[in-house]
Amino acid sequence: MCALLGSALHLSFFGLDASTEELSQAAVEAFFDEAWNDTLQAGGVVPGAVVVVVHDGETLLNKGYGVADIETGEPVDPEETRFRIGSVSKLFTALAALALVDAGKLELDRDVNEYLETIRVPEKYERPVTVRALLSHRAGSRQAFPVT
């Protein structure tokens, strides 16, 4: 599911470039149909997924792939099937943070304690824990922040 989400967020990486060709519903659906059949379905690694692609406020694709329940074989319904988002939420958090960076409201290399109001990150590292370190999931790494 992460691979499908990543594909949807950056279609040009996989050959659908919104800046050079018109994105049509048919082209987007064909792309994800092929991605599902060739990559994600192989070996049953991802039993099912829902893909939603929105471009310029228009929904180009809202489609379920695979099964919602392995035991019953119930197909994924894009309107009804619910998935646990799990680690994919990290992507949304990072995108939101980067939007704040673009808006000038957040700096990646600033001490996170400058943004926190009710809790504090302990100052036990040589350098402060930064937003960049948190987004890269290195905030607790001794390699990134050696203890003095």
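Preceding this section is the structure that the text describes.
What you are looking at is a predicted structure, and each value in this text was computed from that prediction instead of being measured.

Calculation notes
- Residues numbered from 1 in each chain as written.
- Predicted model: local features only at pLDDT ≥ 70, side-chain atom pairs only at ≥ 80, totals over all residues.
- Heavy atoms only, no water.
- Helix = DSSP H or I, 4+ residues; strand = E, 2+ residues; numbered from the N terminus.
- Contact = heavy atoms within 4.5 Å.
- Areas by Shrake-Rupley, 256 points an atom, 1.4 Å probe, with all protein chains shown as cover.
- Patch = residues over 30% accessible without salt bridge, like charges linked within 9 Å, V, L, I, M, F, W, Y side chains within 5 Å.
- Salt bridge = Lys/Arg side-chain N within 4 Å of Asp/Glu carboxyl O.
- Expected span 1.5 Å × (residues − 1).
- Buried < 20%, exposed > 50% of the residue type's maximum accessible area, 1.4 Å probe, protein only.
- Pairing = 2+ DSSP bridges.

Re the overall build of the chain
- Within the chain, the regular secondary structure consists of four helices and three strands.
- Starting at the N terminus and walking to the C terminus, you meet the elements of the chain as α-α-β-β-β-α-α.
- Of the contacts made within the chain by residues no fewer than 6 positions apart, 35% connect residues no fewer than 24 positions apart.
- Total accessible area on the chain is roughly 10000 Å²; 52% of this is exposed by carbon and sulfur atoms.

Concerning a nonpolar patch on the surface
- Taken together, I85, F92 and L95 make up a surface patch of nonpolar side chains, about 270 Å² in accessible area.
- Position of F92 among the secondary structure elements: in helix α3 (residues 89-102).

Some words on α3
- Between its first and last C-alpha, α3 extends 20 Å over 14 residues, near the 20 Å set by a 1.5 Å rise per residue.
- Trailing α3 by a residue or two, G104 shows a phi angle of about 75°, which is positive.

Looking at the pattern of salt bridges
- All told, the structure shown has five salt bridges when counted by the stated rule.
- In this structure, R110 and E107 form a salt bridge, with 3.8 Å as the shortest nitrogen-oxygen distance.
- A salt bridge links R110 to E114; the nearest nitrogen and oxygen atoms lie 2.4 Å apart.
- The class for R110 is partly exposed, based on a relative accessible area of 32%.
- Three or more residues joined by partner-sharing salt bridges are found here, namely E29, D33 and K63.

What about the sheet that holds strand β3 (residues 74-75)?
- The strand order across the open sheet built from three strands is β1-β2-β3, with neighbouring strands paired in antiparallel fashion. Looking at strand neighbours, the two that pair on one side only are β1 (48-55) and β3, the edges of this open sheet.
- Direction of pairing for strand β2 (residues 58-69) relative to β3: antiparallel, over a ladder of two bridges. Within β3, the position partnered with D69 by the bridge is E74.

Let's talk about the environment of E107
- Tracing the backbone shows E107 in the loop between α3 and α4 (131-135).
- As for E107 and A97, which are separated by 10 residues in sequence, their C-alpha atoms are 9.2 Å apart.
- When neighbours within four sequence positions are excluded, E107 is seen to be in contact with Y115 and V131.

Some words on the pairing of β1
- Sheet analysis places β1 next to β2, joined by eight bridges and oriented antiparallel. Residue pairing for β2: H55 is matched across the bridge by E58.
- Remark: two residues form the turn of the hairpin made by β1 and β2, two consecutive strands paired antiparallel; D56 in that turn has positive phi of roughly 50°.

Looking at unusual backbone geometry
- Residues other than glycine seldom take positive phi values, yet D56 does so here, at roughly 50°.
- Its place among the elements puts D56 in the loop between β1 and β2.

Such coordinate-based values are descriptive only and should not be taken to indicate function.
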